[in-house]
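Examination of the molecular architecture
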Amino acid sequence: MAELEAEIKHARRSGVTTLLVVHGFGASGVGGAIKAAVATELPGLARQYGFKAYGHADKDRIPREQNVDPRRLNAGSTLLVFREAKPDKESKQDFRPNFRNLRSKVKVVRGSDRRHS
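Okay, so let's go over this structure.

When you go through the chain residue by residue, the secondary structure sums to 4 helices and 3 strands. In the chain, the succession of helices and strands from N to C terminus is α-β-α-β-β-α-α. Every one of the 117 residues in the chain was classed for burial, and the buried ones make up 21%. Put simply, 70% of the contacts in the chain that link residues at least 6 apart link residues at least 24 apart. Accessible surface, the chain: about 9,800 Å² in total, of which carbon and sulfur atoms supply 49%.

Below, the structure is given as structure tokens:
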């Protein structure tokens, strides 16, 4: 799972739009321990790194703009499609203080207004 997260981080930082995770199907024919562990971890990783996961049953829902051949997706793999990184909203805004609100919080003390004890 540590390797999976490291690859997802690397793909996200590199600007990759899709990542194919090959986890295998398992010798039993119903899915193995690695596939089960990946399925358990992917929802949390998807929230953290901003991607949607598409399994074999979801291959008809893969966005067409990704130019991914759905035939490459099988029961032993999962396709991760990353959302486009959007710049932080605050970084685009200019800092313009509201001086009307600021005046009510600032107390001006003048030399003649001070009382000496």
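The next point concerns helix α2 (residues 33–49). Taking 1.5 Å of rise per residue, the 17 residues of α2 would be expected to cover 24 Å, and the 23 Å separating its terminal C-alpha atoms lies within 8% of that figure. The sharpest bend along α2 reaches about 40° and sits at L42, with the proline P43 one to four residues further on. Burial in α2 covers these residues: V38, L42, L45, A46 and Y49. Structurally, α2 contributes buried residues whose contacts are with α1 (2–14), β2 (51–54) and β3 (77–82). Following α2 by one or two positions, G50 has its phi on the positive side, about 70°.

What follows concerns α1. For α1, built from 13 residues, the straight-helix expectation of 18 Å at 1.5 Å per residue is met to within 8% by its first-to-last C-alpha distance of 18 Å. Where α1 is concerned, the buried positions are L4, I8 and A11. Taken around the axis of α1, the buried residues stretch over an arc of 65°, which confines them to a single face. Exposed residues lying more than 90 degrees from the buried face of α1 are A2, E3 and R13. Residues of α1 that are buried in the fold lie against β1 (18–22), α2, β2 and β3. G15 sits one or two positions beyond α1 and adopts a positive phi of about 80°.

Core analysis: the largest hydrophobic core is formed by 13 residues, its most contacted members being L4, I8, L19, F51 and L80. If you tally residues by element for this core, the top one is α2, at 5 residues. In this structure L19 touches E7, I8, A11, T78, L79, L80 and F82, once residues within four positions along its chain are discounted. Y54, I62, L73 and L79 belong to the second-largest nonpolar core, a separate cluster that totals 5 residues.

Reading the values: the criteria
- Residues numbered from 1 in each chain as written.
- Predicted model: local features only at pLDDT ≥ 70, side-chain atom pairs only at ≥ 80, totals over all residues.
- Heavy atoms only, no water.
- Helix = DSSP H or I, 4+ residues; strand = E, 2+ residues; numbered from the N terminus.
- Buried < 20%, exposed > 50% of the residue type's maximum accessible area, 1.4 Å probe, protein only.
- Contact = heavy atoms within 4.5 Å.
- Areas by Shrake-Rupley, 256 points an atom, 1.4 Å probe, with all protein chains shown as cover.
- Expected span 1.5 Å × (residues − 1).
- Bend = angle between axes of the 7 residues up to and from the residue.
- Arc of directions from axis to C-beta.
- Core = buried A, V, L, I, M, F, W, Y, C linked by side-chain atoms within 4.5 Å.

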